Amino acid sequence: MKAAIFRGEKHIELGQRPDPTIQEPTDAVVRVVRGCVCGSDLWYYRGINPHKVGSIGHEYVGVVEAVGEDVKDLAVGDFVIAPFTYNDGTCPACRAGFESNCEHGGAFGDGDSDGGQGEKVRAPYADATLVKIPAPADGFTDAQLASFTALSDVMCTGYHAAVSAGVKQGDTVAVVGDGAVGLSAVLAAKLLGAGRIIALSRHANRQALAKEFGATDIVAERGDDAVTAVLGLTDGAGVDAALECVGTDQSIETAAGIVRAGGMIGAVGVPLYEKFEYKTLFWKNVGIKGGVAPAHHYIPELLQHVLDGTINPGLVFDYSTDLDHVADAYAAMDERRAIKSLLTVSQP
């Protein structure tokens, strides 16, 4: 089968991988309909984080083509969303709703396991991992397919930031980061009832989408200037919740600087901190919570909001191509010509 192959820094190419087969009785094989490139994939692409040579891509939706003998809840032909991590559904972490920390789980597209940037994927623990969507008689629209793909990771990650920070009705929230996760966090804060949402962004197209998703204020400054601007908007008090969606020293320091005393930081940016110190939070009684989003836990709730038209997270995809041009999808994001790249792999 055709699949994206990670070869090293700035080197993604279309190659061949063996067609996946049922290896365990709890497996399913899924034909990928839509995949995409994640911001975290860019850390590998840019040589910042290590990644094995091999498969890549952890976000996909598709159609079940085969199931193992122990799979009871899925059948051939079912349309499914795959969370970016697979899980067994039985370990203590899974039972607590943190499936991304499953003792026996893992991530799709880790170099060895099949990735979502390919034609097919073997999905372990299929009943516990994949989320089935009943297909309407007239099929799904392209907009719905894009939003379903966003639910495989980025929308759930933004939502995890807001949930971790305890965003509630009427809160004032600031979102640090204007990538797809940050924009999804704006949408999540709006969904949870935030009364004021300050988006930190200096790019006009991302500012516009942030406003469409519910941002009430835009701050274009960065670093200390951003802290000053947000404090100015909040009469010096700071925000109830800061959603940190980048993972750098500057972004976490900004979040710490703009949250009020006793407030919360929801941190979901892959942490690359080198200098940030906890005492920054200690003296303000600020809490911090977050981590790898348990997408499987959030998908059913968010899926209903997509189906009823409450949210349209697929709008984060502003570049679309096919699997043959996966290298272009990476380049567009790396060069900041795209917020997030969608890959059309096949039709439902």
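For the structure itself, consult the block above.
I will try to describe carefully the structure that is included in this document. Because the structure is a prediction, the values reported are computed rather than measured.

Turning to the overall build of the protein, a few remarks are in order. For the protein, the helix and strand inventory stands at twelve helices and 18 strands. For 348 residues, the compact-globule estimate of 2.2 N^0.38 gives 20 Å, and the protein sits close to it at 20 Å. With the principal axes as the frame, the protein shows a C-alpha extent of 60 × 40 × 40 Å. Residues counted as buried form 56% of the 348 residues belonging to the protein. Look at the contacts in the protein between residues 6 or more apart in sequence, and 67% of them connect residues 24 or more apart. As displayed, the protein has an accessible area near 14100 Å², and 49% of this comes from carbon and sulfur atoms. Each charge class in the protein can be summarised by its mean position, and for the 28 positive and 45 negative side chains these summaries are 4 Å apart.

A word on a negative patch on the surface. Side chains of Glu 221, Asp 224, Asp 225 and Glu 253 sit close together on the surface and give a patch of like negative charge. As for its position among the elements, Glu 221 is in the loop between strand E13 (217-219) and helix H8 (223-233).

Next up on the list: the sheet that holds strand E11 (residues 172-176). With parallel pairing, six strands are arranged side by side in an open sheet as E13-E12-E11-E14-E15-E16. This sheet does not close on itself; its edge strands, each paired only once, are E13 and strand E16 (287-290). Shown here is a sheet whose adjacent strand axes are inclined to one another by a mean of 20°, direction ignored. As paired strands, strand E14 (residues 239-244) and strand E15 (residues 259-267) are joined by five bridges and run parallel to one another. From the neighbouring strand, Leu 243 faces E15, where its bridge partner is Gly 266. Across the sheet, helix H9 (residues 249-258) touches E11, strand E12 (196-200), E14, E15 and E16, and the angle it forms with E15 is around 150°.

The next thing to look at is the packing of aromatic side chains. This model, assessed by the stated rule, comprises ten aromatic pairs. Centroid distance Phe 79 to Phe 140: 4.9 Å. Interplanar angle 55°. Geometry classified as tilted. A residue pair is termed long-range when its members are at least 10 positions apart, and Phe 79 in strand E6 (residues 79-82) and Phe 140 in the loop between strand E10 (131-133) and helix H4 (142-151) qualify at 61 residues. Each member of the pair, Phe 79 as well as Phe 140, is classed as buried. Centre to centre, the rings of Phe 282 and Trp 283 are 5.0 Å apart; their planes meet at 90°, and the pair counts as edge-to-face. Chaining the aromatic ring pairs together yields one cluster made of Tyr 60, Tyr 86 and Phe 108.

Turning our attention to the pattern of salt bridges. If the charged atoms of two oppositely charged side chains come close together, the side chains can form a pair. Under the criterion given, the structure shown has 19 salt bridges. A salt bridge links Lys 120 to Glu 65; the shortest N-O distance between them is 3.0 Å. One end of the pair, Lys 120, is in strand E9 (residues 120-123); the other, Glu 65, is in strand E5 (residues 60-67), with 55 residues separating them in the sequence. By relative accessible area, which is 24% here, Lys 120 ends up partly exposed.

Residues of H8 that are buried include every one of Gly 223, Ala 226, Val 227 and Val 230, and no others. Seen from one end, H8 has its buried residues packed into an arc of 100°, which puts them on one side. Turned more than 90 degrees from where H8 packs its buried face, Asp 224, Asp 225, Thr 228 and Gly 232 sit exposed. If you follow the buried residues of H8, they end up packed against E12, E13, E14 and H9.

Moving on, we get to the environment of Val 230. Secondary-structure assignment places Val 230 in helix H8. Classification of Val 230 as buried rests on a relative accessible area of 0%. Along the primary structure Val 230 and Gly 257 are separated by 27 residues, whereas in three dimensions their C-alpha atoms are 9.2 Å apart.

With that out of the way, let us pick up the pairing of E5. Of the pairings in the sheet, the one linking strand E3 (residues 28-36) to E5 comprises seven bridges and is antiparallel in character. In the strand pairing of E5, Ala 28 is matched with Val 67. Judged from the four bridges that link them, E5 and E6 form a sheet pairing that is antiparallel. From the neighbouring strand, Val 63 faces E6, where its bridge partner is Phe 79.

The contact between helix H5 (residues 154-164) and helix H11 (residues 295-307) brings their axes to 10 Å, and the two run at 95°. Taken as axis vectors, H5 and H11 run roughly perpendicular relative to one another. Along its contact with H5, which presents Met 155, Cys 156, Tyr 159, His 160 and Val 163, the element H11 presents Ala 295, Tyr 298, Ile 299, Glu 301 and Leu 302. Grouping the constituent residues of the contact of H5 with H11 by class yields eight nonpolar, one polar and one charged.

Reading the values: the criteria
- Residues numbered from 1 in each chain as written.
- Predicted model: local features only at pLDDT ≥ 70, side-chain atom pairs only at ≥ 80, totals over all residues.
- Heavy atoms only, no water.
- Helix = DSSP H or I, 4+ residues; strand = E, 2+ residues; numbered from the N terminus.
- Rg over C-alpha atoms; globule rule 2.2 N^0.38 Å.
- Buried < 20%, exposed > 50% of the residue type's maximum accessible area, 1.4 Å probe, protein only.
- Contact = heavy atoms within 4.5 Å.
- Areas by Shrake-Rupley, 256 points an atom, 1.4 Å probe, with all protein chains shown as cover.
- Lys, Arg positive; Asp, Glu negative; His and termini not counted.
- Charge placed at Lys NZ, Arg CZ, Asp CG, Glu CD.
- Patch = residues over 30% accessible without salt bridge, like charges linked within 9 Å, V, L, I, M, F, W, Y side chains within 5 Å.
- Salt bridge = Lys/Arg side-chain N within 4 Å of Asp/Glu carboxyl O.
- Pairing = 2+ DSSP bridges.
- Axes fitted to C-alpha atoms, helices over the stretch in contact; angles between N-to-C directions.
- Phe/Tyr/Trp six-rings, centres within 6.5 Å; stacked < 30°, edge-to-face > 60°.
- Arc of directions from axis to C-beta.
- Parallel < 35°, antiparallel > 145°, perpendicular 65-115°, else oblique.
- Nonpolar A, V, L, I, M, F, W, Y, C, P; charged D, E, K, R; others polar.

That's the geometry; what it means functionally is another story.
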